[in-house]
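Residue strings, one per chain:
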Amino acid sequence: MEPIKILKIFLYVLLDLTPCLILALSPFRSHFRFSCLKTYLLIPLLFLTVFICRLLTIQGLPAAKIITVLWIGAYLALYVICLKLPVSILLFVLLTILNYGSFKAIIVNGLTHFLPFPSAERYSLLSSILLLFVYLFTFPFMYQMMTKKIGPLINEADNNRYWRFLWLVPATFCLSYYYNLYANGGIMAFSAKNSNVIFALLFNLGALFVTFLILQLLKECNDKLLLEEENHHLAMQSIRYENLNCRIEEARIARHDLRQHLSVMQSFLQSKDYQKLSDYIHEYISTLPSDSTITYCEDYALNALIVYYENMAKNHQIRFLADIDYPPENKILSSDAVILFGNLLENALEACMRESVPDPFISLCIKPMNSMIIVALDNTCTQLPERCKDGFASAKKSRTGIGTVSISKIAEKYNGAAQFEFKNGVFYSSVLLSP
């Protein structure tokens, strides 16, 4: 091969590969496995590999098919070596960039054929100039998508379970690209037809639209997770605030009562009736609440929630029974557990507070069974709640109770179900979770 031809190929590969490398690394600046210097030292090795492969590809089409597959494998291997991220995320980004690369190659070769210039070679100087022209109009959009859309999602990848499947979307477009290219005799032959170039343009716009839509849905999903986490923190702060108010009120009452107790003790001291004083002190100590910490489960948020409603129930003279064996390691988000059990306990407490019967009660039972978690909550309820289309009517307003709907949605989220039943003055709530 002539040196001038090799030089043209070298220039084209340099102009072609550099922007793609920028796109490939721009979303991952905080995820390099090595230092930036060591990572960038691999770029000349990659460039040399691509340059040699391009030289070999010119020799014949059969070799090009094998080399194309090897390119994808080499790119992915370097990705895995250099970046600390799941392979599914790296594959999604890599395939998206490969689709973009195929698109610009088709456009450049199409323009090379149809412009009124004598040279129609793929690696001519004209091709390099056209490549820069195509990058001028398309690269800013791709760079924005990589840095503004994909970058933030990668940093929140631990909250998302969809990446393991999403790479199949650009993979489908990538396979379609390569099939159409090699089924029509390669890039040069494919780009020689005006209709093929228009098809590639529309096909790429569709691929970019689908990719953009997926990234937008992922962003909304992450925003929803963040919102649920914020709601969880707000719920916990509300519980702590209510507990603090209860403790302040109890302290105020205790100070008031202490003055009365001290007056009685003072009278016993003045009359030197030490036996009655001792009996009175012993009786007073027995009425004091226990200062031991109550622990129902290892989930701090859920334990605080149960303790809070237990204290609320005792303050309203409602018996509270709890038999809890909540597995410390399960796939249920703490925020979802707070929503589920918070609604169950709130509904039960409000129902008991409305009752005028003696000895109202709340009984909560949580038990694991194989890979499932069974929740049963029973509470006093003499008035049958009115049923609505989606559940039970709220006692506060003439509408569907939000609590029972929320409980059902959480159960469905974890492949379970919720059931509510009223019988013989007791309301039975049963929830099955299969995380």
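In this report, the structure presented in the accompanying data block is examined. Please read all numbers here as calculations on a predicted model, not as lab measurements.

About the thresholds
Residues numbered from 1 in each chain as written. Predicted model: local features only at pLDDT ≥ 70, side-chain atom pairs only at ≥ 80, totals over all residues. Heavy atoms only, no water. Axes fitted to C-alpha atoms, helices over the stretch in contact; angles between N-to-C directions. Helix = DSSP H or I, 4+ residues; strand = E, 2+ residues; numbered from the N terminus. Parallel < 35°, antiparallel > 145°, perpendicular 65-115°, else oblique. Left-handed = near helix turned anticlockwise from the far one by under 90°. Contact = heavy atoms within 4.5 Å. Nonpolar A, V, L, I, M, F, W, Y, C, P; charged D, E, K, R; others polar. Core = buried A, V, L, I, M, F, W, Y, C linked by side-chain atoms within 4.5 Å. Buried < 20%, exposed > 50% of the residue type's maximum accessible area, 1.4 Å probe, protein only. Patch = residues over 30% accessible without salt bridge, like charges linked within 9 Å, V, L, I, M, F, W, Y side chains within 5 Å. Areas by Shrake-Rupley, 256 points an atom, 1.4 Å probe, with all protein chains shown as cover. Salt bridge = Lys/Arg side-chain N within 4 Å of Asp/Glu carboxyl O. 1 Å grid on protein atoms, 1.4 Å probe; cavity = no way out; pocket = protein on both sides within 12 Å on 5 of 7 lines; lining within 4 Å. Points joined across faces, edges and corners; volume = space filled by probe spheres on them. Pairing = 2+ DSSP bridges.

Their axes nearest at 11 Å, the elements helix 1 (residues 3–25) and helix 4 (residues 87–114) cross at an angle of 150°. Judged on the interaxial angle alone, helix 4 and helix 1 are roughly antiparallel. Judged by the twist between their axes, the crossing of helix 1 over helix 4 is right-handed. Across the interface between the two elements, Tyr-12, Asp-16, Cys-20, Leu-23 and Ala-24 from helix 1 touch Ile-97, Tyr-100, Lys-104 and Val-108 from helix 4. Considered class by class, the residues forming the contact of helix 1 with helix 4 number seven nonpolar, no polar and two charged.

What follows covers the nonpolar core. Judged by nonpolar contacts, the single largest core of 65 residues is most densely connected at Phe-28, Tyr-79, Val-93, Ile-97 and Trp-163. Breaking this core down by element, the ones donating at least two residues are helix 1, helix 2 (36–57), helix 3 (61–82), helix 4, helix 5 (125–155), helix 6 (163–166), helix 7 (168–183) and helix 9 (194–270). Examining the composition of this core, we find that 14 residues originate from one element, helix 4, more than from any other. Counting 38 residues, the second largest nonpolar core, distinct from the first, contains Leu-305, Tyr-308, Ile-332 and Ile-407.

Side chains of Ile-4, Leu-7, Phe-10, Leu-11, Leu-14 and Leu-125 sit close together on the surface and give an oily, nonpolar patch of about 520 Å² of accessible area. Ranked by residues supplied to the nonpolar patch, first place goes to helix 1 with five residues. Structurally, the position occupied by Ile-4 is in helix 1.

Time to look at empty space enclosed by the protein. Unoccupied space between atoms shows up once a probe the size of one water molecule is rolled over them. Applying the stated criterion across every chain yields a total of two cavities of 30 Å³ or more. Considering only enclosed or pocket space, the largest cavity measures out at about 60 Å³ in volume. Elements with a contribution of two residues or more to the lining of the largest cavity: helix 4, helix 7 and helix 9. When residues of the lining of the largest cavity are assigned to their parent elements, the largest contribution, four residues, is made by helix 9. By volume, the second largest cavity amounts to about 40 Å³. In terms of lining residues, the second largest cavity is bounded by Ile-106, Ser-176, Tyr-177, Asn-180, Phe-190, Phe-199, Ala-200 and Phe-203. If you list the elements that add at least two residues to the lining of the second largest cavity, you get helix 7 and helix 9. In the lining of the second largest cavity, the residues fall into six nonpolar, two polar and no charged.

Moving on: the environment of Leu-85. With respect to the helices, strands and loops of the structure, Leu-85 is situated in the loop between helix 3 and helix 4. For Leu-85, a relative accessible area of 15% gives the class buried. The spacing of Leu-85 and Phe-28 is 57 residues in sequence and 8.9 Å in space, taken between C-alpha atoms. Each residue touching Leu-85, except ones within four places of it in the same chain, is listed here: Phe-28, His-31, Leu-90 and Ile-154.

Next up on the list: the sheet that holds strand 6 (residues 417–423). Taken together, the five strands give an open sheet; going across it, the order is 1-2-3-7-6, and neighbouring strands pair in mixed fashion. Two strands lie at the open edges of the sheet, namely strand 1 (319–324) and strand 6, each paired on one side alone. Put simply, the sheet's adjacent strands are angled 10° from each other on average, direction ignored. Docked against the sheet, helix 11 (residues 300–315) engages strand 1 and strand 2 (361–369), running at close to 155° with respect to strand 1. Running at roughly 15° to strand 3 (residues 372–380), helix 12 (residues 334–353) makes contact with strand 1, strand 2, strand 3 and strand 7 (426–433) of the sheet.

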